[in-house]
Structure formats: structure tokens, C-alpha cells
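# Examining the three-dimensional arrangement
Now for the letters of each chain:
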Amino acid sequence: MRLLKKTSPRRSQLRKNITAERLSQLTRFINTDLFISALLWLLFVCLCVFVLSFQLAQHTRYLSLIPLAAIVVLISSGAAFYIYHYQRRIVKNHTRALALLGSLVLLLATTKLAVILNNHTMWATGTAVTAAIILTIAYNQRFAIGMSIFYCLLASFAATKMGDIRLFLTMAAGTFTCCLALREIRTRMKLLEVSTLAAVIVFTMAVALDFLTQNSKPLNVLRNAALHAGITLVVGVLIQGLLPLIEKVFRIATSMTLLDYSDANQPLLKRLAMEAPGTFSHSLLVGSIAEAAAEAINCNGLLCRVGAYYHDIGKINKANYFTENEMGAISQHKELSPAMSQLIIVGHVKDGVEMAKEYGIPTVLRQFIETHHGTTLIEYFFNEAKRKQDEKQSPPSEIEFRYTGPKPRTKEAAIAMLADSVEGAVRTLAEPTPTRIEAVVHNMAMKRLQDGQFDECDLSLRELSRIETSISKTLAAHHHARIPYPKPPDETEEPAPNESNLAKEPQNANLQKDQKTQSQKTPPQSEQTKQKT
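Residues numbered from 1 in each chain as written. Predicted model: local features only at pLDDT ≥ 70, side-chain atom pairs only at ≥ 80, totals over all residues. Heavy atoms only, no water.

## Observations regarding the overall build of the protein
- Check the secondary structure of the protein and you find 23 helices and zero strands.
- Burial status across the protein gives 41% buried among its 533 residues.
- Long-range pairs, those at least 24 residues apart, make up 73% of the contacts in the protein with a sequence separation of at least 6.
- Accessible surface for the protein amounts to roughly 31,800 Å². Of this, 58% is attributable to carbon and sulfur atoms. (Helix = DSSP H or I, 4+ residues; strand = E, 2+ residues; numbered from the N terminus. Buried < 20%, exposed > 50% of the residue type's maximum accessible area, 1.4 Å probe, protein only. Contact = heavy atoms within 4.5 Å. Areas by Shrake-Rupley, 256 points an atom, 1.4 Å probe, with all protein chains shown as cover.)

Below, the structure is given as C-alpha cells:
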């Protein structure tokens, strides 16, 4: 007879809680970015298998698809782990993930189709170099090198049936050269210079490998190497024309684009200079300060400078409500309540973002507009509100007088925030000596740090110290002292009208007054003689 085991209510409840927790974990996993990224990875594997097995499907050799699919899965898994470790933002940003997936699949399909039509492996070298340049422009050198290796493995199977070590090494030589030589694009000749250097390396590698592994005629070896080098050189010209499209697809801005936006003839900067000249001057100074500070910690100084140019464009709409544009006039905030002034001050961030979208400013520059105040407190109007409050009213809340954020998410944005606040604070000093400037910079940096404004930008204390040193040095150089210009020795000094001339006029007036009074008191000489007589 089977005895039924009784369970206590506590154990039953515990089992229910465990089941509910597992179900919630599964639901969270399904809703997370990781699940969507896994689906995108699966899509990439399927597309790669389809592209690589095109000839196999034509010859009805379906059993060969299994080992080919296993190779693609292994290579794609390695690429997925590499992305997860070194560019985790792609897992959360599905738009960039789709752009990366589409670019690699398109280049792989181009390689397969070109090899089928032309029956030459040079096309694989060309697409490999293209992938390396695009990845370096869109991300960074380390990530581009790693992903280019994975692409070279897939392209070698697309160009040959079993893969060719010579082709792989030739592609790797070109991709390594492009990734290491292409750090940023500041001139229009940069891509041509990089592709020319890569073509020389590819030619040398192809010649060496052909002479080492086969007994071909020297003319055929040189011809094959020249074709690989030629397609590498053509890629540089092609990427030069497709650069705006690459920037739009990956939502980035190269150094050459940033230089275009730093031109003072840009419509938005021209409006800022005409309608808010004080803010324009302030932005130029903040840009030079931020660029020097960014280069001190090996960040993108050009991005800092151009972002600082646009960080206060929202002040154009209400320029007269900001101190730097008052030009000696009476402050507009004297007639407003602190709460209304706070709304106007905070509103320039929102207005700036809307104007940036209207004028087509890149997203990488818009972050400086959104985050240059973070969630800091507007202390002046907060203190004014506390001073003007009635006894019956409750004290104002700090949350009401804080910017809406977000906080800086990159080191460049954090540097621009600190440079903006420090430049305004140093302007209030009566005598901006280097020691006082250094004290102001350190106090402001510690204030932002303790307020939690640098929590989301991975800025270390060592980097913050270097930033402080650079900002102090730049501001001290800007507020340098000057000696008065000397006068020529033969030039006679004329008395100033506000000292000697104005001083003499009251003395002459007093002298005439005394003479008149004396004449009234002393009678004429004839009258005195008559009186004596």
C-alpha cells in the first residue's frame, strides 16, 4: 500500500514562490535586450550559411551544409562573445546591431557573388579592407581588428571551397594595416593615404606567399599581387564617397564632419553669434578649455571643442535673460519670481535640443546640449526663493530648482560640463590669479563629484585630477595680466579733465564769490573819504 506523503503549508508556499520567481526570470529574459540580440545572432548565422552554401545548393550537396553550418556557428559565436566583452552597447542598441549585421552580410554576399562571376579571390581582399575601414570609423581600432579577423575567416570560405591560408593572411595584412593606420579622419586625403599604405602591404604579402607556397611564374605572381593591391586602393576611393552614408547608418560623426560643424559660418553658430554674442564668446572659450582637458586624458579633444560650441544654443530664444548677454542693462529677472526665472533658465536645455534636431546637428553633438548641466541645482534662484518665502509657505524643494538631466554619459560630456561651470565661476573673481583659479576649479570639480554628476561617465579620480590641472592652466593663461602701454618721451602730459580742470573750476568760482562779497562789505574809496570829512 502506497502511503501519500503530506507536505507542510510552508513547503507548498515555498515551492509556489520558487515557481513564480523562475517564471518572472524567464519573462525578464524574454523581454531583455539579450534575447533580441540572440535572435539577431541567429539571423546572422542563417544568412551567412545561405550565402556560403549557394554553390552547394546548386549541386544538391545538402550533406555538406552540416559542417559548413557548424563552422559558421563557431565563428559567429566567437564574434558574439567578442562583441559582448568589448562593445556591450551593441547588445542594447539594436539599431547599431542591425547596421553591423547588415554590413557584414552585404560584404560577404558581394564577395561570394563576385567570386562566382569573376573567379578571382581579390574581391575577398577588397571586402575585408572595406569591413576594416567601416568598423574603425564606426567604433575603435581594437574592436575593428577583432571583428575583421572573424570576417576574414568567413570571407575565405566564401572565396574558396575549403578556405585558403594564403588568402586569409593577405586579407589579414590589409585589415591590420587599415585598422592601425586609420585612427581618425581629419583630412580628405586620410582614406587615400591609408588605402595606399594597405595596398603596399597587401602587394608585399601576396608576392611573398605566392613565391613561398607555389612554383608559379614571376609574372603571374606579380599580376595576382597587383590585383589584390589594386582593389585595396580602389576601396579607399569608394569609402571616401560613401562616408556620409556610413555616418548616417551608424549614427556617428567623423573628425572631418566635426570640423565642418566647427565652422563659424554654420547657420546655427551664426545665429548664436548675432543674437547672443556673449554666449557665443563664452562657448568659444569653453571649447578651447574642454579640448585641452580632453587631450590631457587621451579623449576626443575635437569632439569636446565642437560640442562646447553648441552646448548653449538654446539661449538664442531668450538671450536677454542670461547675464553674459545683458551688456550692462538691468537684469530681466528682477521683475520675475524665482520660480519663473528657474523655468526660463532650465528651458534653454530643451530649446537647444529642439533647435539641434531642427538644424540636423549630429546626435554625438546633441549630448553636450542635454548633459552640460546634468541634474545640478540652480543655487542662485533657489536661495532667492528661500529668502522671499513667507512664513505661511512651505520651504522650496531642491528638486524643483534642479535641471532635468540627463547626467553626462561620456567623459567628453563630463569635461564640457566642468569647463562650462568653471568658466562662469572664474569670471566672478575680482583678481583671477593662478592660485585663486586653481582653488575655484578644484572646488567646482569636487562639488560636481559629490553631487553625483560623474556617476554615469566612468571618469576616474586620476583623470579628474588631470582635467583640473589642464583647466586651471588654460584659464590662468586666458586671464593673464598686461602692463600699461608707455607714452613717447616727447609727448607732454595733459591734465585729465576729471582731475585738474574740474578741480580748478570750483576754485575760480569760489574766488569770484569771495571778491564779490568783499566788494559788498567794503564801500568805495570816495564814500570813505566823504564820511571822514
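## Regarding unusual backbone geometry
- Cis geometry is adopted by the peptide bond preceding Pro-406, which originates at Gly-405 and carries an omega value of 5°.
- Structurally, the position occupied by Pro-406 is in the loop between helix H18 (379–388) and helix H19 (411–427).
- Its identity is not glycine, yet Arg-251 carries a phi of approximately 55°, on the positive side.
- Here Arg-251 is to be found in the loop between helix H11 (218–250) and helix H12 (255–261).

## Some remarks on the pattern of salt bridges
- With the rule as written, the count across this model stands at 15 salt bridges.
- Here Arg-166 and Asp-210 are joined by a salt bridge, their closest N and O atoms 3.5 Å apart. Residue Arg-166 is found in helix H9 (residues 165–181), and its partner Asp-210 is found in helix H10 (residues 190–213); the two are separated by 44 residues along the sequence.
- On the accessibility criterion, Arg-166 (23% relative accessible area) is partly exposed.
- For Asp-210, a relative accessible area of 7% gives the class buried.
- As a salt-bridge pair, Glu-384 and Lys-388 come within 4.0 Å of each other at their nearest N and O atoms. Within this pair, Glu-384 and its partner Lys-388 are both found in helix H18, separated by four residues, close to a single helical turn.
- Residue Glu-384 is classed as buried on the basis of its relative accessible area, which comes to 17%. (Salt bridge = Lys/Arg side-chain N within 4 Å of Asp/Glu carboxyl O.)

## Observations regarding the packing of aromatic side chains
- Counting across every chain of the model gives seven aromatic pairs.
- With a centroid separation of 4.8 Å and an interplanar angle of 45°, the aromatic rings of Tyr-82 and Tyr-86 are classed as tilted. Pair noted here: Tyr-82 and Tyr-86 are both in helix H4 (residues 65–86), with a separation of four residues, about one helical turn.
- Residues Phe-382 and Phe-401 carry aromatic rings whose centres are separated by 5.8 Å and whose planes lie at 65° to one another, so their mutual orientation is edge-to-face. Note that Phe-382 is positioned in helix H18 and Phe-401 in the loop between H18 and H19, a separation of 19 residues in sequence. Here the two residues Phe-382 and Phe-401 agree in accessibility, since each one is buried.
- An aromatic cluster of three or more residues is present, and its members are Tyr-82, Tyr-86, Tyr-139, Phe-143, Phe-150 and Phe-250.
- A cation over an aromatic ring shows up here: Arg-88 above the ring of Tyr-84, its NZ or CZ 4.3 Å from the ring centre. (Phe/Tyr/Trp six-rings, centres within 6.5 Å; stacked < 30°, edge-to-face > 60°. Lys NZ or Arg CZ within 6 Å of the ring centre and 35° of its normal.)

## Some remarks on helix H20 (residues 434–450)
- Between the first and last C-alpha of H20 there are 24 Å, a value that for 17 residues agrees with the 24 Å anticipated at 1.5 Å per step.
- Residues of H20 that are buried include every one of Ile-437, Val-440, Val-441, Met-444, Ala-445 and Arg-448, and no others. What you see down the axis of H20 is that its buried residues fit within an arc of 125°, all on one side. Looking at H20, the residues exposed on the side facing more than 90 degrees away from the buried face are Thr-435, Glu-438, Asn-443 and Gln-450.
- On the buried face of H20, the contacting elements are H19 and helix H21 (461–478).
- Immediately downstream of H20, the backbone of Gly-452 shows phi near 80°, a positive value. (Expected span 1.5 Å × (residues − 1). Arc of directions from axis to C-beta.)

## A look at a nonpolar patch on the surface
- Taken together, the side chains of Phe-54, Leu-113, Ile-116 and Leu-117 make up a nonpolar region of the molecular surface, amounting to roughly 400 Å² of accessible area.
- Element by element, the count of residues in the nonpolar patch is highest for helix H6 (residues 94–118), at three residues.
- Structurally, the position occupied by Ile-116 is in helix H6. (Patch = residues over 30% accessible without salt bridge, like charges linked within 9 Å, V, L, I, M, F, W, Y side chains within 5 Å.)

## With respect to the side chain of Thr-254
- In this structure, Thr-254 sits in the loop between H11 and H12.
- Only 2.6 Å separates the side chain of Thr-254 from the side chain of Glu-247, close enough to count as a polar contact.
- When sequence neighbours within four positions are dropped, the list of residues in contact with Thr-254 reads Ile-137, Leu-243 and Glu-247. (Polar contact = N/O pair within 3.5 Å; in protein donor to acceptor, adjacent residues only side chain to side chain.)

## With respect to the packing of helix H7 (residues 122–138) against H11
- Their axes nearest at 9 Å, the elements H7 and H11 cross at an angle of 35°. H11 is crossed by H7, and the crossing has right-handed handedness. Of H11, the residues touching H7 (which contributes Met-122, Trp-123, Thr-125, Gly-126, Val-129, Thr-130, Ile-133, Ile-134, Ile-137 and Ala-138) are Leu-227, His-228, Ile-231, Thr-232, Val-235, Ile-239, Leu-243, Ile-246 and Phe-250.
- For the contact of H7 with H11, the residue count by class is 14 nonpolar, five polar and no charged. (Axes fitted to C-alpha atoms, helices over the stretch in contact; angles between N-to-C directions. Left-handed = near helix turned anticlockwise from the far one by under 90°. Nonpolar A, V, L, I, M, F, W, Y, C, P; charged D, E, K, R; others polar.)

## Focus on the nonpolar core
- Leu-108, Ile-133, Phe-143 and Met-147 are the most contacted members of the largest nonpolar core, which has 62 residues in total.
- Elements with a minimum of two residues in this core: helix H2 (33–52), H4, H6, H7, helix H8 (141–159), H9, H10 and H11.
- Considering each element in turn, this core owes the most residues, 11 residues, to H8.
- Those residues in contact with Leu-108, other than ones at most four positions away along the chain, are Cys-48, Val-51, Leu-52, Tyr-151, Leu-154, Ala-155 and Ala-158. (Core = buried A, V, L, I, M, F, W, Y, C linked by side-chain atoms within 4.5 Å.)

## A short note on H7
- Taking 1.5 Å per residue as the helical rise, H7 with its 17 residues ought to reach 24 Å, and the 25 Å between its terminal C-alpha atoms agrees with that figure.
- Of all 17 residues in H7, 16 are buried; the element is thus mostly enclosed.

## Examining the environment of Thr-204
- Along the chain, Thr-204 falls in helix H10.
- Residues Thr-204 and Thr-170, 34 residues apart in the sequence, show an inter-C-alpha distance of 9.1 Å.
- A distance of 2.9 Å separates a polar side-chain atom of Thr-204 from the backbone oxygen of Val-200.

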